[in-house]
Structure formats: C-alpha cells, structure tokens
Number of protein chains: 2
Amino acid sequence: MPARGDHDARRRDVSEAVWRVLADRGFGGLTLRAVAAAMGASTGLLTHYFPNKKALVSYALDVADERTASRSLRGTETPGLAALRAALLDVLPLTPEAAVMNRVWVGSWDGSLADPELREREMRRYRGWRARLRVHVAAAVERGELPASSDVDDVTAAAAAFAHGLVVHALFDAEEYPPERQTRMLDAWLDALAP
Amino acid sequence: MPARGDHDARRRDVSEAVWRVLADRGFGGLTLRAVAAAMGASTGLLTHYFPNKKALVSYALDVADERTASRSLRGTETPGLAALRAALLDVLPLTPEAAVMNRVWVGSWDGSLADPELREREMRRYRGWRARLRVHVAAAVERGELPASSDVDDVTAAAAAFAHGLVVHALFDAEEYPPERQTRMLDAWLDALAP
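Residues numbered from 1 in each chain as written. Chains lettered and ligands numbered in written order. Predicted model: local features only at pLDDT ≥ 70, side-chain atom pairs only at ≥ 80, totals over all residues. Heavy atoms only, no water.

**Some words on the side chain of Q182 of chain A**
Inference 1: The residue Q182 of chain A is located in helix α9 (residues 179-193) in this model.
Inference 2: Leaving out residues up to four positions away in the same chain, Q182 of chain A has contacts with L92, P93, L94, L166, A170 and Y177 of chain A. (Helix = DSSP H or I, 4+ residues; strand = E, 2+ residues; numbered from the N terminus. Contact = heavy atoms within 4.5 Å.)

**A closer look at the packing of helix α8 (residues 152-172) of chain B against helix α9 (residues 179-193) of chain B**
Residues and elements named next belong to chain B.
Inference 1: Where α8 meets α9, the axes come as close as 11 Å, and the angle between the chain directions of the two elements is 160°. By the criterion of interaxial angle, the relationship of α8 to α9 is roughly antiparallel. Here α8 and α9 pass one another in a crossing that is right-handed. Of the residues in α9, those in contact with V155, A158, A159, F162, L166 and A170 of α8 are Q182, M185, L186, W189 and L193. (Axes fitted to C-alpha atoms, helices over the stretch in contact; angles between N-to-C directions. Parallel < 35°, antiparallel > 145°, perpendicular 65-115°, else oblique. Left-handed = near helix turned anticlockwise from the far one by under 90°.)

**Overview of the confidence of the model for chain A**
Inference 1: With 98% of its residues at a pLDDT of 70 or more, chain A has an overall mean of 93.
Inference 2: Element-level mean pLDDT values for chain A span from 88 in helix α1 (residues 4-25) of chain A up to 98 in helix α8 (residues 152-172) of chain A. (pLDDT = per-residue confidence, 0-100.)

**Regarding the UniProt feature "domain: HTH tetR-type" (unreviewed entry) in chain A**
Inference 1: When the UniProt feature table is mapped to this numbering, "domain: HTH tetR-type" (unreviewed entry) covers residues 8-68 of chain A.
Inference 2: Counted over residues 8-68 of chain A, helix gives 80% and strand 0%. Its end C-alpha atoms are 20 Å apart. (UniProt positions renumbered as here; feature names shortened; annotations may be inferred.)

**Re the domain arrangement of chain A**
Where the parts come together, the accessible area they lose is often given as the size of the interface.
All names here are of chain A.
Inference 1: What the domain assignment lists for chain A is domain 1 (4-68) and domain 2 (74-193).
Inference 2: The C-alpha-based centres of domain 1 and domain 2 are spaced at 28 Å.
Inference 3: On the domain 1 side of the contact with domain 2, F27, K54 and L61 bury the most area, a combined 40% of that side's loss.
Inference 4: Between domain 1 and domain 2 we count four salt bridges in total.
Inference 5: The partner of D65 in a salt bridge is R121, and the shortest N-O contact between them spans 2.9 Å.
Inference 6: In this assembly, domain 1 and domain 2 are joined by six residue pairs in polar contact (both at pLDDT 80 or more). (Domains from an automatic or database assignment. Buried area = accessible area lost by both parts, 1.4 Å probe. Salt bridge = Lys/Arg side-chain N within 4 Å of Asp/Glu carboxyl O. Polar contact = N/O pair within 3.5 Å; in protein donor to acceptor, adjacent residues only side chain to side chain.)

What follows is the structure, given as structure tokens:
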C-alpha cells in the first residue's frame, strides 16, 4: 500500500489529467485511455481506480465540483442586487478559465440526463445554487431594490436560467458574446427588474 | 441497388432508431450497436451508412434538425411581443415531446463543443434562431410594446439565453418547473421589458 503522501500526489495527477481531457474533448472524449495518455501512465493503472465508465464519470464530476468550489470569487460587500450581480458574473465565461469550467459543466449534461443518479446529483447541485442566489434576491426585495411584489423564487429561477443560457450561447459564439456584452446584458436585465 | 422506395423506407427506419437512442441515452449512448439494436438490424448494415462515429453524430444532428423543423408550432397572428412569446413557448419543454426534443439538443452540446465543425454548425443554428426572434423584437419596438431605446440585438440575445437556460433547468428538475411555472416565468420576463 503506498504511503499517504504518494496516494494524494497520485490523486492530484489523475484529477489534473481528467480535467485536461474534459477541457479538450468533453465527456464524450473521457475514456481510461485518454486519461492514461494525458498523465503518461498505463491504462491498467487506471482500471485499478475506475472499474467502469460510470466510476470515471462520477470522479470527473467530483473534480469539476472541487474546481468550481475552489475558484476565486468576486467580493460581495454590498448585499442585495450587487451581490446577485457578483454571483452571476462569477458564473459567466468572462475569462478563459471560466470558459473551460463552463465548457466542462455544459458537457456533463448529456451524461447526467441519461443516468437517474447523475441527473439527481445535478438537480441537487442546481437547487443548492438557486438557494444561494435566493438569499441575494430576498435581500434586494428587503432593501427596496426590487418591488415588494416580486416573486422571490421566480426571480431567482429566472436569474439562474438567464445566466446559464448566456453561458451556452457565449461558449458557442465567443465572437458575438465578448465579456463586455455579457456584462452589459446582465446589467440591462437587472435594471429591468428594478421598480 | 435497392429501389428508391426501399431506400427512403430504410432511411426512415434508421432515423427513427437514432432518435430513440438519443432520447433514451443521449449522444453519449449513441453507438452503431445501440442504433442497430433499436432497429433490429445488424451492426454490419449500419457500418455501410456510417463509416465512423462522426458520420453517425452528424446524421443524428440532421435527424434532430428535421424533427425540430417539422414539429407543429403555435400560431402567431399578432406580431411583436405576442409573436416573441409564441416563439419562446415553442422552445420550452412544456410537453413530453418538447422535453425529448430539448433533451436531445442539450445532449448534443458536449460533442459539438469538442469538434470545430460541429461547433460552427451549432453556432450558425443559434444565429439563425436569434435572427428569427429579432424580427419579433424589432416589431415590438415598432409597435411601442418595448421602449424605443431598447437595444434590439441585446433584448433578442437575452430572450434566447433566458429560454435556453430555462430549458436546461426544467429538464433537470421537472418537479420545480412544471409547464405553468415556465409560462409564468416567461410572462414575467416579457412584462419586465415593457416600458
């Protein structure tokens, strides 16, 4: 059995290789062979970690979760709409790194929709994200930045939908959706919500 | 060489089988073997049609295009916002058939993002869709339903993004996004645009 330090280093190598494969080829290109090639190891070694395709996909989703959780986020000193804006900007592909992150998540949807367990995992992830956004929407209503009559859940769901749809269109068409335009579109939408 | 009628009938069989595989397992599950099984044919027969994986994926996108083009659409007697609303409702997964259609398109994104040619094809498809939506937005401004100061391209792009993001969230979470709620969210979105 390898020492703990070896184990952690190996795990980092595997994660890094999985991420490179996802960024280049998406989940459709995620195979033991591709990961092995990306880390200069044998496919046999990886079979030890991943007995089947689903184990590899689940691990890849773990890697994506870790990367998403550890990325640096905008500060949000002001609650309410400013915090909502910052949280949505954190999702948009405004930098090459954020574009890779989004490309991986969008690529995960095909496999997640095909597998009940992965689908449920993704559903819970998005419910969690909306719950975090909802705090900002509720604060915006509280502060009078949004009409008191706002349906907090629907505004939150609309914000999440708008951001994710913009992610998809920007990934396919970087030319038509440069970062300035994405930001301008988000600001126009937030302005339209105000009373 | 088979008679023309045989050829067309065979093509319909293949298309139907491809669609069933996409609906059940997505592009990740689209293999010659799966299509052959779905049509009760031999894999050998299909190798004749599809020399490689990309040929099969391109054909699947053609099938999705045909199904999308031939689906029945809402009537749009009134131009402007009413027509925009109808066009966006046509995209949302409000029926089981529309959910399958969307599931297939969302599932296509992983492979399209990984291949320059397919990515360009998808980019052009979405530019075409936005050009059709833009006509309605421009008419809405013309009719005074939207402020004269509206940025027609940005409003169009925002509407497209909102609809596609809502598609994704509704596919993962049918419980939280029943058809009534999707429609209510779209109407709130359109209301917020009005002067």
